[in-house]
Amino acid sequence: MNTSAMAQSGRFRARRMARGSVTEGAARAGFAARGVIYLLVGALALQIAFGGTGRQADRGGALQELAQKPFGAVLLWALGIGLVGMALWRLSEALFGSVGKDGRSARKRLMATARFAFYVFVAYSVLSFAVSRHQSGGSSDQQSRDATARILEIPAGQWLVGAAGVAIVVAGGWIAVRAVLRKYHDKLRLGQMSHRTRQLVDVTGVAGGAARGLVFAVAGVFAVRAAVDYEPDRAKGLDDTLRSFADTPLGPWLLVCVAAGLVLFGVFSFAMARWRRV
C-alpha cells in the first residue's frame, strides 16, 4: 500500500472514530434525559396515588416540576439538549445501522427512523417549554383527545384510530415481554458490571419495562374504545391512563405499583446511559 493510500485510510479511521465518539456521547446523554423524565413522571404518579399533587403525571407535569427546582432553566435546557442527542443517535442508526448482527437490516433502520421522529418531537416540546416556561399544546390528555377527534372526522378515521390503538397495545405488550425476558441484555456491556450491579439492573429493567409496557397497552385500549364508540373523549393521554389504574378494584395500590415501576424505568435508563453498547 502506498503512502497516499495509507494516509487516506488513516483519515477515514480518524473520522469514523470521531463520529463514533460524538454518537456515543449523544446516546448516553439521551438515555440520561429519558431517565429524568420517567423519574419525575413516576414520582408525580406516586403523589397522585396518595392524593398529594395537582400536577399532570406526564411530560408537561414533569417539566413544570423541574422548572421549580434550583437552576430549573439550566436543567430544562440540559434535558432538551440530551433528548436532541438521543434523536441524533437514532438518526445515525437509521443511516448507518446499529450494533448487533442485524443492525443494518431494513427493520432495524425503520424502527430507528420512527424513534428518531419521536425524539425530535419530544426534544422540541422540551426546548419550547424551556424557552417559554409554558406547556405547549396542553396536557397529554387534551392532546390525545384533540388528535383523536381530528382523525375521526376524516374518511376511514374510525378505522385509523382503531388500528393505531391496536398498534399501541401490541407495542406495549412487546415492550413488557422483552423486559421480562431480559432482551436488553443483548445491548448492555454486562462484562463491565459486578454481579450485584447486574442484579440491580435486572430489577429496574424487568419491573420498569413491564410497567412501561403496561401503560402503553392500556393507553392503546382506550384508543380502541374511542374508535369503537366514536367518542374522542374516551382517548386518554399518559396522565389519564395512569389515573385509570386507581379506578380498578385494587384502588390506588395498582397505581402505586405502576408509578414505582416508572421510577425504576427511570433508574434503568441511567444504567443504559452507563452500560449501553452504542
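Model, not experiment: these values are computed from the prediction.

Conventions adopted
Sequence order as written defines the numbering, with residues in each chain counted from 1. Given that this is a predicted model, residues contribute local features only at a pLDDT of at least 70 and side-chain atom pairs are listed and counted only at 80 or more, while totals for whole chains, interfaces and linings are drawn from all residues. As a convention, hydrogens and water are excluded, and side-chain values are obtained from all of the structure's heavy atoms. By definition, any uninterrupted DSSP run of H or I lasting at least four residues is a helix, any uninterrupted run of E lasting at least two residues is a strand, and each is numbered from the N terminus. Throughout, a contact is declared for two residues whenever any of their heavy atoms are within 4.5 Å. Residue exposure ignores everything except the shown protein chains as possible cover, and the areas themselves are Shrake-Rupley values with a 1.4 Å probe. Salt bridge, as used here, is a side-chain nitrogen of Lys or Arg placed within 4 Å of a carboxyl oxygen of Asp or Glu. Only protein chains enter the area calculation, which uses a 1.4 Å probe; residues under 20% of their type maximum are buried, those over 50% are exposed, and those in between are partly exposed. Every angle, taken between N-to-C directions, lies between 0 and 180 degrees, and every axis is a line fitted to C-alpha atoms, over only the stretch in contact when it is a helix. Working rule for angles: under 35 degrees goes down as roughly parallel, over 145 as roughly antiparallel, 65 to 115 as roughly perpendicular, anything else as oblique. Residues are grouped as follows: Ala, Val, Leu, Ile, Met, Phe, Trp, Tyr, Cys and Pro are nonpolar; Asp, Glu, Lys and Arg are charged; all remaining types, including Gly, are polar. Joining through side-chain atoms within 4.5 Å is the link that ties buried Ala, Val, Leu, Ile, Met, Phe, Trp, Tyr and Cys residues into a set, and such a set is a nonpolar core. In this entry, domain limits derive from an automatic or database-based domain assignment. Two rings belonging to Phe, Tyr or Trp (six-membered ring only in the last case) form a pair when the distance between their centres is within 6.5 Å. Interplanar angles under 30 degrees mark stacking, angles over 60 mark edge-to-face geometry, and anything in between is tilted. Note on geometry: a ring has a charge over it if NZ (lysine) or CZ (arginine) is within 6 Å of the ring centre and within 35 degrees of the ring normal. One fewer than the residue count of a helix, multiplied by 1.5 Å, yields its expected span. Think of a polar contact as two N or O atoms within 3.5 Å of one another; within protein, one of them needs to be a possible hydrogen donor and the other a possible acceptor, and neighboring residues in sequence only count if both atoms come from side chains. UniProt positions are given in the numbering used here, feature names are shortened, and annotations may be inferred rather than shown by experiment. Take the far helix as the reference: if the near one is turned anticlockwise from it by less than a right angle, the crossing is left-handed, and if turned clockwise, right-handed.

Peer 1: What is the right way to read the overall build of the chain from this model?
Peer 2: Looking only at helices and strands, the chain has nine helices and zero strands in total. Taking all contacts inside the chain whose residues are at least 6 apart in sequence as the whole, residues at least 24 apart take part in 74%. Summed over all atoms, the accessible surface of the chain reaches about 14,700 Å², with 65% contributed by carbon and sulfur.

Peer 1: Please clarify how the pattern of salt bridges should be interpreted in this entry.
Peer 2: When charged atoms on two side chains of opposite charge get close, those side chains can pair. Counted by the stated rule, this structure contains nine salt bridges. The closest approach of N and O atoms between D202 and R182, which form a salt bridge, is 3.5 Å. Taken as a pair, D202 in helix α7 (residues 195–229) and R182 in the loop between α6 (157–180) and α7 lie far apart in primary sequence, 20 residues in all. Here R234 ties to D229 by a salt bridge, and the two come within 2.7 Å at their closest N and O atoms. Under the relative-accessibility criterion, R234 is labelled partly exposed at 27%.

Peer 1: Explain the packing of helix α2 (residues 59–67) against helix α3 (residues 72–96) to me, please; I cannot follow it from the model alone.
Peer 2: Axis angle and axis distance: for two packed helices, these are the angle between their axes and the distance between the axes, and together they describe the pair. Packing of α2 against α3 brings their axes to within 8 Å, and their N-to-C directions diverge by 140 degrees. In terms of orientation, α2 and α3 fall into the oblique class. On α3, the residues touching L63, L66 and A67 of α2 are G72, L75, L76 and L79. Taken together, the residues of the contact of α2 with α3 sort by class into six nonpolar, one polar and no charged.

Peer 1: Help me understand the nonpolar core, please; the structure alone is not making it clear to me.
Peer 2: The tendency in soluble globular proteins is for nonpolar side chains to be buried as a group. Within the largest apolar cluster, 49 residues are counted, with the highest numbers of intra-cluster contacts made by L83, L188 and L242. Residue-level mapping places this core at the junction of two domains, with at least three residues from each of domain 1 (27–134) and domain 2 (152–277). Dropping the residues within four chain positions of it, L242 is found in contact with V41, A45, A57, V215, L255, V258 and L262.

Peer 1: Can you walk me through the environment of V166 in this structure?
Peer 2: Relative to the assigned elements, V166 resides in helix α6. The sequence separation of V166 and V224 amounts to 58 residues, and the corresponding C-alpha distance is 6.6 Å.

Peer 1: Looking at this structure, how should I read the packing of aromatic side chains?
Peer 2: For any pair of aromatic rings, geometry is given as the distance between the ring centres together with the angle between the planes. This model, assessed by the stated rule, comprises six aromatic pairs. Aromatic side chains Y184 and F268 sit 5.0 Å apart centroid to centroid with 65 degrees between the ring planes, which places their arrangement in the edge-to-face category. In this pair, Y184 is assigned in the loop between α6 and α7 and F268 in helix α9 (residues 252–275), connecting sequence segments 84 residues apart. Taking the relative accessible area as the measure of exposure, Y184 reaches 8% and is therefore buried. Taken together, the aromatic side chains of Y38, Y184, F265 and F268 make up a single cluster linked through ring pairs. One Lys or Arg, K236, reaches over the ring of F222 and ends 5.0 Å from the middle of that ring.

Peer 1: Explain helix α4 (residues 106–132) here, please?
Peer 2: With 27 residues, α4 should cover 39 Å at 1.5 Å per step; its first-to-last C-alpha distance of 39 Å lies within 8% of that length. Every buried residue of α4 is listed here: A112, Y119, V122, A123, S125, V126, S128, F129 and A130.

Peer 1: Looking at this model, I keep getting lost on the side chain of R90. Mind explaining?
Peer 2: Positionally, R90 belongs in helix α3. Of the polar contacts made by the side chain of R90, one reaches the side chain of E93; its length is 2.9 Å. Setting aside residues up to four positions removed in sequence, R90 forms contacts with A112, R115, F116, Y119 and R276.

Peer 1: I'm lost on the UniProt feature "transmembrane region" (unreviewed entry) in the chain in this one. Help?
Peer 2: Here the UniProt-annotated "transmembrane region" (unreviewed entry) positions come out as residues 25–50, 70–91, 112–131, 159–181, 201–224 and 253–273. Split by type, residues 253–273 is 100% helix and 0% strand. Its first and last C-alpha atoms lie 30 Å apart.

Peer 1: Help me understand the packing of α7 against α9 in this model?
Peer 2: Two elements in contact, α7 and α9, have axes separated by 7 Å at closest approach and are oriented at 125 degrees. In terms of axis orientation, α7 runs oblique to α9. Viewed along their axes, α7 and α9 form a crossing whose handedness is left-handed. Facing T197, V201, T204, G205, A207, G208, G209, A211, R212, L214 and V215 of α7, the residues of α9 in contact are V258, G261, L262, L264, F265, V267, F268, A271 and W275. Its residues assigned to classes, the contact of α7 with α9 comprises 13 nonpolar, six polar and one charged.

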